[in-house]
Amino acid sequence: MAAARCVGDGWVVVGGVGVGGPDRAGSERVAAVWPGFAAQNPGRANGRRQSDRYPCLQSMSMPACRTVGICSASFEHAPRRTEPAMNPAQSSPRAIPPSVNALSPEFLEAEYARFRADPNALAPDLKAFFLGFDLGLTTSTGGSGGAVSSAGAARSDSSRAAADLIAQYRAQGHLAATIDPFGRARPRPASLALASHGITEADLARVVSVEMAGVSRSLPLRDVVAAMEAAYCGPLGVEFAHAATDAERQWFVQRMEAPANPPAAALRVAALNLMLEAETFEEFLAKRYQSAKRFSLEGGESLVALLHQLIESFGAAGAKELVMAMAHRGRLNVLKTILKKELERFFSEFEDAKFDDHTNDGDVKYHRGYSGDYLLASGGTVHLSLMNNPSHLESVNPIAMGRCRSRQDMLDAGDRSKRVPVLIHGDAAVAGQGVVAECLNMAGLEGYTVGGTVHVVINNLVGFTTDPSDARSTTYCTDVAKMIAAPVLHVNGMDPDAVLRAARLAAEYRDAFRKDVFIDLVCYRKYGHNEQDEPSYTQPVETRLVNQAKATPPARRYAAALIAQGVTTQDAVDAFVAREIASLD
């Protein structure tokens, strides 16, 4: 960790991971110098001050250092000394070798040539210094080193603007992400406009030096913008700028800005089959039990693909059990497709019948729980427990977390990696019910922590009959997550590939940091609050959009995409659906 302190008329970065490198001896090292410091510490080499030869030692600003990452820390502005200095050695800072001040100009020029050819060929401290040097270029040095070329100054200005733009994409790109299930455009933040950073169309052809995915690169500004759009404004938008630590923020930067390859073909086919199974099950129930309430998952079928990926990811990391809780929306489908509850039990509950040892316990079918083992692609298993839940939506959350904590303590000696709670919320309830905030408040307490909960929100853009604009004061239904600085992955439920990626990232984040993480699955609701309600009375605009979208359900849309890409065939899809219908009949 490094800090910047005020020295005389300028700033100096000391310690940590600045130019001086890690301080293994425990003493402070000068990392980079700002105006005022060079004058107090000439550090002459060959009769010339380094600040004369390298203008960045005079012109670099605090924002430039923060942007390029010369120090990866918070900056502290220490008060200037007002007491009289005892002697020169006490009144001014001294650069402790090795530091930039002690290096000869010839060495720096040779290393800078290597940096221009391949930044990664240099040691981390020099690489960081030259990144700052590129940002510190100005049109004139004010010293004896002469004027910097206008081309170099233009490149420096463009690099600085590019770094600022990248920072805005990381912080606010999620606001422009294409997460609306109906394809409606969202207002873009002004901070993502090129003009707000002084960038013109002519500047897009300039080659800039930037850091993306933790790697320094030189490429046209146009390619930087395209890469940021793909990383942060696609079907997966991630809020992570509010995360508590720099390690968490860098974790997301590296994963979001790296090239996103499609999931493996086998995983995509498995996800498609689960979505087709979910769709077929809902259609069967709609025909067989037309007057029954079932709180259909239709419009949000990608939930089962998301849960499949979560289970596979945690299973691969060594988890033994997932303790799950959810409200009634989609519960029957999760019981069928994920927990593999027997069809006989479903039908007996719909018909209020009895068989063998199974009797009606007085509660409705979409409140009941179940448990069983989930077979992983690797051949292993993960035990799943879905808790019973009455009609109080989020009230089951502390029950699931308490069950998970007790099993961690009793069976795993407090190891939080083996058993994971997964809470499935509704978009209105997660924002409106206080028990959510109460559970989050206890997430980091020693006596209650479960090592991180995965929160999945089935966000169908309406709560009962209330639009989001009338239901909450926040931008997102998941903004309650910010009370514990939990990251949020907003994903378009109509893009199952993006959903799979969001689930994988959430599982990996929880394993890496043992903290809560949210997935905001943005989808739609085919019917009203239940199948007997007519939503066009209260949501006429959204109902028209739903009626257009349901002509091609999410599973069928995904099937068409995979067929077009050669991942599967129409015959395979038809055969799978036929087998599902036969098993239900």
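Residues numbered from 1 in each chain as written. Predicted model: local features only at pLDDT ≥ 70, side-chain atom pairs only at ≥ 80, totals over all residues. Heavy atoms only, no water.

This paragraph deals with the overall build of the protein chain. Scanning the protein chain for helices and strands turns up 21 helices and 13 strands. Put simply, 70% of the contacts in the protein chain that link residues at least 6 apart link residues at least 24 apart. (Helix = DSSP H or I, 4+ residues; strand = E, 2+ residues; numbered from the N terminus. Contact = heavy atoms within 4.5 Å.)

For a regular strand, side-chain orientation follows a simple rule: the groups alternate between the two sheet faces. Of all 6 residues in strand S7 (residues 321-326), 6 are buried, a share of seventy percent or more. Burial of the side chains of S7 extends over both faces: Glu321, Val323 and Ala325 are buried on one face and Leu322, Met324 and Met326 on the other. Here S7 runs beside strand S9 (residues 381-386); their pairing, made up of 4 bridges, is parallel. Bridge pairing in S9 places Met324 opposite Leu386. Note that S7 and strand S10 (residues 419-426) share 6 bridges and pair parallel. By the bridge assignment for S10, Val323 is matched with Pro421. (Buried < 20%, exposed > 50% of the residue type's maximum accessible area, 1.4 Å probe, protein only. Pairing = 2+ DSSP bridges.)

Strand order in the open sheet made by the 8 strands is S6-S12-S13-S11-S10-S7-S9-S8, with mixed pairing throughout. The outermost strands of the open sheet, each flanked by one partner alone, are strand S6 (236-239) and strand S8 (370-375). For this sheet, the mean inter-axis angle between neighbouring strands, taken without regard to orientation, is 20°. Of the strand pairs in this sheet, S10 and strand S11 (residues 454-459) are connected by 5 bridges, and their pairing is parallel. What sits directly across from Ile424, in S11, is Val456. (Axes fitted to C-alpha atoms, helices over the stretch in contact; angles between N-to-C directions.)

Let us now look at the packing of helix H10 (residues 246-257) against helix H18 (residues 496-513). Look at H10 against H18: their axes get within 12 Å of each other, and the N-to-C directions meet at 150°. By the angle between their axes, H10 is roughly antiparallel relative to H18. The two elements H10 and H18 cross, and the hand of that crossing is right-handed. The residues of H18 that touch H10, namely those facing Ala247, Glu248, Trp251, Phe252, Arg255 and Met256, are Arg501, Leu505, Glu508, Tyr509, Ala512 and Phe513. Among the residues making up the contact of H10 with H18, the classes are represented as 8 nonpolar, no polar and 4 charged. (Parallel < 35°, antiparallel > 145°, perpendicular 65-115°, else oblique. Left-handed = near helix turned anticlockwise from the far one by under 90°. Nonpolar A, V, L, I, M, F, W, Y, C, P; charged D, E, K, R; others polar.)

Count 3.6 residues to each turn of an α-helix, and residues three or four apart come out pointing the same way. The first and last C-alpha atoms of helix H6 (residues 105-117) sit 18 Å apart over 13 residues, in line with the 18 Å expected at 1.5 Å per residue. Taken together, the buried positions of H6 are occupied by Pro105, Leu108, Glu111, Tyr112 and Phe115. Looking straight down H6, one finds that the buried residues subtend no more than 125° of arc, so they occupy a single side. (Expected span 1.5 Å × (residues − 1). Arc of directions from axis to C-beta.)

A separate point is the packing of aromatic side chains. Aromatic rings in a pair are described by how distant their centres are and how their planes are angled relative to each other. The full count for this structure, using the stated rule, is 16 aromatic pairs. Note that Lys341 overlies the ring of Phe346, its terminal NZ or CZ placed 5.1 Å from the centroid. (Phe/Tyr/Trp six-rings, centres within 6.5 Å; stacked < 30°, edge-to-face > 60°. Lys NZ or Arg CZ within 6 Å of the ring centre and 35° of its normal.)

Within the secondary structure layout, Glu279 lies in helix H11 (residues 265-288). Residue contacts for Glu279: discarding those within four places in its chain leaves Glu301, Pro553, Ala555 and Arg556.

Okay, the environment of Leu521 next. Relative to the elements of secondary structure, Leu521 occurs in strand S13 (residues 517-522). When near neighbours in sequence (up to four residues on either side) are disregarded, Leu521 contacts Ser302, Leu303, Leu306, Val457, Ile458, Asn459, Val491, Gly493 and Val499.

Time to look at the side chain of Glu257. Mapped onto the elements of the fold, Glu257 is located in helix H10. Given the relative accessible area of 13%, Glu257 is considered buried. At 2.6 Å, the side chain of Glu257 and the side chain of Arg170 are in polar contact. Setting aside residues up to four positions removed in sequence, Glu257 forms contacts with Ile166, Arg170, Glu211, Met212, Ala213, Met228, Ala231 and Tyr232. (Polar contact = N/O pair within 3.5 Å; in protein donor to acceptor, adjacent residues only side chain to side chain.)

What follows is about the nonpolar core. Of all hydrophobic cores here, the largest spans 107 residues; its most connected members are Leu307 and Leu310. Contact partners of Leu310, with chain neighbours within four places excluded, come to Val422, Val454, Val456, Ala503 and Ala507. Ranked by size, the runner-up nonpolar core spans 20 residues in total, among them Ala400, Met401, Val430 and Phe518. (Core = buried A, V, L, I, M, F, W, Y, C linked by side-chain atoms within 4.5 Å.)

Looking at the secondary structure, you find Val225 in helix H9 (residues 221-232). Separated by 31 residues in the primary sequence, Val225 and Leu194 have C-alpha atoms spaced 9.1 Å apart. The contact partners of Val225, leaving out residues within four places of it in the chain, are Leu165, Tyr169, Leu194 and Leu204.

Looking at the protein chain as a whole, its pLDDT mean stands at 82, while 77% of the residues score no less than 70. A low-confidence stretch, residues 1-91 (pLDDT under 50), is modelled with 191 contacts involving residues beyond four sequence positions or located in other chains. Contacts for the low-pLDDT stretch residues 138-148, under 50 throughout, to residues beyond four places or in other chains number 17 contacts. (pLDDT = per-residue confidence, 0-100.)

Moving on to the pattern of salt bridges. A full pass over the atoms with the stated rule returns 27 salt bridges. A salt bridge links Arg294 to Glu298, with the nearest nitrogen and oxygen atoms 3.4 Å apart. With respect to class, Arg294 is no different from Glu298; both count as buried. Each of Glu277, Lys336, Lys340 and Glu580 takes part in one network of salt bridges that share partners. (Salt bridge = Lys/Arg side-chain N within 4 Å of Asp/Glu carboxyl O.)

Of note, the phi angle at Leu461 is positive, near 65°, even though the residue is not glycine. Even without being glycine, Arg514 reaches a positive phi, approximately 55°.

Take Ala431: it is sitting in helix H16 (residues 427-432). Between the C-alpha atom of Ala431 and that of Ala471, which follows or precedes it by 40 residues, the distance is 8.5 Å. Ignoring any residue separated from it by four or fewer positions in sequence, one finds Ala431 in contact with Arg472 and Cys477.

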